[in-house]
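Coordinate inspection notes
Here is how the chains run, residue by residue.
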Amino acid sequence: MNHYTMNQEVTKVTERPPFGRSSSQDSLDELSMEAYWTELENIKKSHENRQDDQEVVVVKEPDEGELEEEWLKEAGLSNLFGETAGDPQESMVFLSTLTRTQAAAVQKRVETVSQTLRKKNKQYQVPDVRDIFAQQTGSKEKEAPDGTESQSVGTDENKYQGKDGVGGKELTPLVPEEAPASETDINLEVSFAEQAVSQKESSREKIQRSKGDDAALLVRSTIGDLAPQDMKKVCHLALIELTALYDVLGIELKQQKAVKIKTKDSGLFCVPLTVLLEQDQKKVPGTRIPLIFQKLISRIEEGGLETEGLLRIPGAAVRIKNLCQELEAKFYEGTFNWESVKQHDAASLLKLFIRELPQPLLSVEYLKAFQAVQNLPTRKQQLQALNLLVILLPEANRDTLKALLEFLQRVVDNKEKNKMTVMNVAMVMAPNLFMYHSLGLKAGEQREFVMAAGIANIMHLLIKYQKFLWTIPKFIVNQVRKQNTENHRKDKKAMKKLLKKMAYDREKYEKQDKSANDADVPQGVIRVQAPHLSKVSMAIQLTEELKASDVLARFLSQESGVAQTLKNGEVFLYEIGGNIGERCLDDDTYMKDLYQLNPNAEWVIKSKPS
């Protein structure tokens, strides 16, 4: 069974809170919040010095039903209502892959939108919730134990889906009989919301697994591994899953929307990330992190990460303001003198850059949701929510946040000398990410210890568990596989119907279709291609222990000329087609298990796109 054990990723903590207790209640029991309040004062002074340059963001509070309507659009279900409403059957494939808690979350929002539209006497189509969910309601007795609808999604996938967390009896989302050794053992195979339901019901039934399941399919997917069309589906499912989790736990998931923003269309500070990247990509094609952001981090690191009080000690406010003006004028010309920037100044500029983004790094839409994570009852659920929120961030925000968190971890790695532990860094950085000028905490709330401790704890989790947070839960990947399988089946059926109408020989088509799928490859053997590296493909016999890393190693050992020109980590094995668009495989992926899950995939070795 695939769990993510958090204490494998980080330095061991000497004391852990009880399993059911949120770490925001514990992590600050013996820590002073002085650094947090000091940082707030520094931010206030900086804001006063640069008030004339501050950009304006107007946030619209949603009207009744508007929030739910926007939610359905973001979840990919806009065709269920409104002027563009179509046949609800178009969304049936998507809805059929949802767990019980996910379906309940969707149904709740559809009901609200339907009621609102009827109150407003809208003339266009308003769906009946009973019609939309009739298929699900009619098959309740067929529900799988993990909360997904038990449906036929192809013989090959059905046969093996239990091992990968979709519909398998082994993966019933039940809490173990005893609390795990670590409160951060996270099951990625079963819906987080379904796990929360089971925990609330205090179920004690053990999860039964057959011998060898613990070493079974390791198909860890991270953000960036999937093709864009599949990642879009992942985001839709992540929003629904996050909403379902918050619904189960009784937490309101609030989203906001910036409707009027005064922003600059050039420059460095107070410029939207997307605008920055557009101008940066003209100088460095393919760059995903703003160049000024990268340079500020480099400048801090050039001074050495052992400096005591790094990030905590501010630069002089007047000097920072002057440096900002000079950077705006000279950065892109390449004439700025970086030697004049002291290390603490660079750190202050980095924090200023984050604070003065016209829209927060954690996004207008989800900043409140990030803040609400502190209200979730256990650390495990906080991490689950953060995982889904990271997936939901716009790509530019997510990439920049990743670069920031990786840098902060490097600072923490030097804590013995710089005295900046992960919690110290979190307390300094939390106000810069969460106390956004238009959307952050109100002035009267800023001195409340519980709120401050809560967002400092969220920052702490973002830094400490960042590797996990960029993982795509396996149950979501499998829901995408289900959607793709059903869509392929419908497309194939439509194609056959079209060919028949065009008077083609149906039998001839089916023979061609069969030969294309079989490709004369013996059972239990995969053919690996590397079209950009070699003209020759390689047939590889599947075994129980064969991993993706073994396939790469065999290919490179055979193609010695190619291997000499490549450095380790430059090429990866991809799973392409079948029930997935495209996925870069983790080195530890067990190939036989994956082949059984997706027998129609092609296996291609290539480099990752920049």
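Scroll up for the structure.
Presented here is a report on the structure given in the accompanying data block. Predicted model, so just to flag it, every value in this text is computed and none were measured. Each chain has its residues counted from 1, following the order in which its sequence is written. Side-chain atom pairs in this predicted model are given and counted only at pLDDT of 80 or more, local residue features only at pLDDT of at least 70, and totals for whole chains, interfaces and linings cover all residues. Only hydrogens and water are removed before side-chain values are computed, so all heavy atoms of the structure are retained for them.

Some remarks on the pattern of salt bridges
A side-chain nitrogen of Lys or Arg and a carboxyl oxygen of Asp or Glu constitute a salt bridge if their distance falls within 4 Å. For the coordinates displayed, the defined rule picks out 18 salt bridges. As a salt-bridge pair, Glu-301 and Arg-410 come within 2.6 Å of each other at their nearest N and O atoms. One end of the pair, Glu-301, is in helix H11 (residues 291-302); the other, Arg-410, is in helix H16 (residues 395-412), with 109 residues separating them in the sequence. Residue burial is assigned from relative accessible area. The probe radius is 1.4 Å, only protein chains are included, and a residue is buried under 20% of its type maximum, exposed over 50%, and partly exposed in between. Note on Glu-301: relative accessible area 30%, which makes it partly exposed. We classify Arg-410 as partly exposed; its relative accessible area is 32%. Residues Lys-592 and Glu-544 are paired through a salt bridge, measuring 3.2 Å at the closest nitrogen-oxygen approach. With Lys-592 in helix H25 (residues 591-597) and Glu-544 in the loop between strand S8 (538-541) and helix H23 (548-558), the pair connects residues that are 48 residues apart, well separated along the chain. In DSSP terms, a helix is any run of H or I states spanning at least four residues, a strand is any run of E spanning at least two, and both are numbered starting from the N terminus.

Let's talk about the packing of aromatic side chains
Two rings from Phe, Tyr or Trp (for Trp, the six-membered ring) form a pair when their centres sit within 6.5 Å of each other. Planes less than 30 degrees apart are called stacked, planes more than 60 degrees apart edge-to-face, and all others tilted. Evaluation of the coordinates by the stated rule reveals 7 aromatic pairs. Between the aromatic rings of Phe-331 and Tyr-332, the centroid separation amounts to 5.1 Å while the plane-to-plane angle is 70°, which identifies the pairing as edge-to-face. On the accessibility criterion, Tyr-332 (25% relative accessible area) is partly exposed. With 6.4 Å between their ring centres and 85° between their planes, Phe-331 and Trp-338 make a pair best called edge-to-face. By relative accessible area, which is 14% here, Trp-338 ends up buried.

Remarks on the side chain of Gln-384
Mapped onto the elements, Gln-384 comes out in helix H15 (residues 379-392). You can call Gln-384 buried: its relative accessible area is 1%. Setting aside chain neighbours within four positions, we find Gln-384 in contact with Ile-186, Phe-192, Gln-195 and Leu-245. When checking whether two residues touch, look at their non-hydrogen atoms; a contact exists if any pair is within 4.5 Å.

Considerations on the sheet that holds strand S7 (residues 525-529)
By definition, two strands form a pair when at least two bridges between them are found by DSSP. Spatial ordering of the open sheet is given by S8-S7-S11-S9-S10, a layout of 5 strands whose pairing is mixed. The sheet terminates laterally at S8 and strand S10 (580-584), the two strands that pair on one side only. Within this sheet the neighbouring strands show an average axis-to-axis angle of 30°, counted without direction. Here 5 bridges tie strand S9 (residues 572-577) to strand S11 (residues 602-606), and the two strands are oriented antiparallel to one another. Paired with Ile-576 across the two strands is Glu-602, which belongs to S11. Fitting a line to C-alpha atoms yields each axis, with helices limited to the stretch in contact; the angle taken between N-to-C directions then spans 0 to 180 degrees. Of the strands in this sheet, S7, S8, S9 and S11 touch H23, which is tilted by about 140° from S8.

As for the packing of helix H8 (residues 192-200) against H15
A pair of packed helices can be characterised by two numbers: the angle between their axes and the separation between those axes. Axis separation between H8 and H15 bottoms out at 11 Å; the angle between their running directions is 160°. In terms of axis orientation, H8 runs roughly antiparallel to H15. Judged by the twist between their axes, the crossing of H8 over H15 is left-handed. Residues Phe-192, Gln-195, Ala-196 and Gln-199 of H8 touch H15, and the partners they reach there are Gln-381, Gln-384, Asn-387 and Leu-388. Here the term charged refers only to Asp, Glu, Lys and Arg, the term nonpolar to Ala, Val, Leu, Ile, Met, Phe, Trp, Tyr, Cys and Pro, and the term polar to all other amino acids, Gly among them. Here the contact of H8 with H15 is composed, by residue class, of 3 nonpolar, 5 polar and no charged. Reported orientations rely on four angle classes, namely roughly parallel under 35 degrees, roughly antiparallel over 145, roughly perpendicular from 65 to 115, and oblique for the rest. Should the near helix be turned counterclockwise from the far one by less than a right angle, the crossing is left-handed, whereas a clockwise turn marks it as right-handed.

With respect to H11
The terminal C-alpha atoms of H11 lie 16 Å apart, and with 12 residues this matches the ideal 16 Å at 1.5 Å per residue to within 8%. Burial in H11 covers these residues: Leu-291, Ile-292, Phe-293, Leu-296, Ile-297, Arg-299 and Ile-300. The inward-facing, buried residues of H11 contact helix H10 (273-283), helix H12 (317-330), helix H13 (343-355) and H16. Expected helix span is given by 1.5 Å per residue-to-residue step, counting one fewer step than there are residues.

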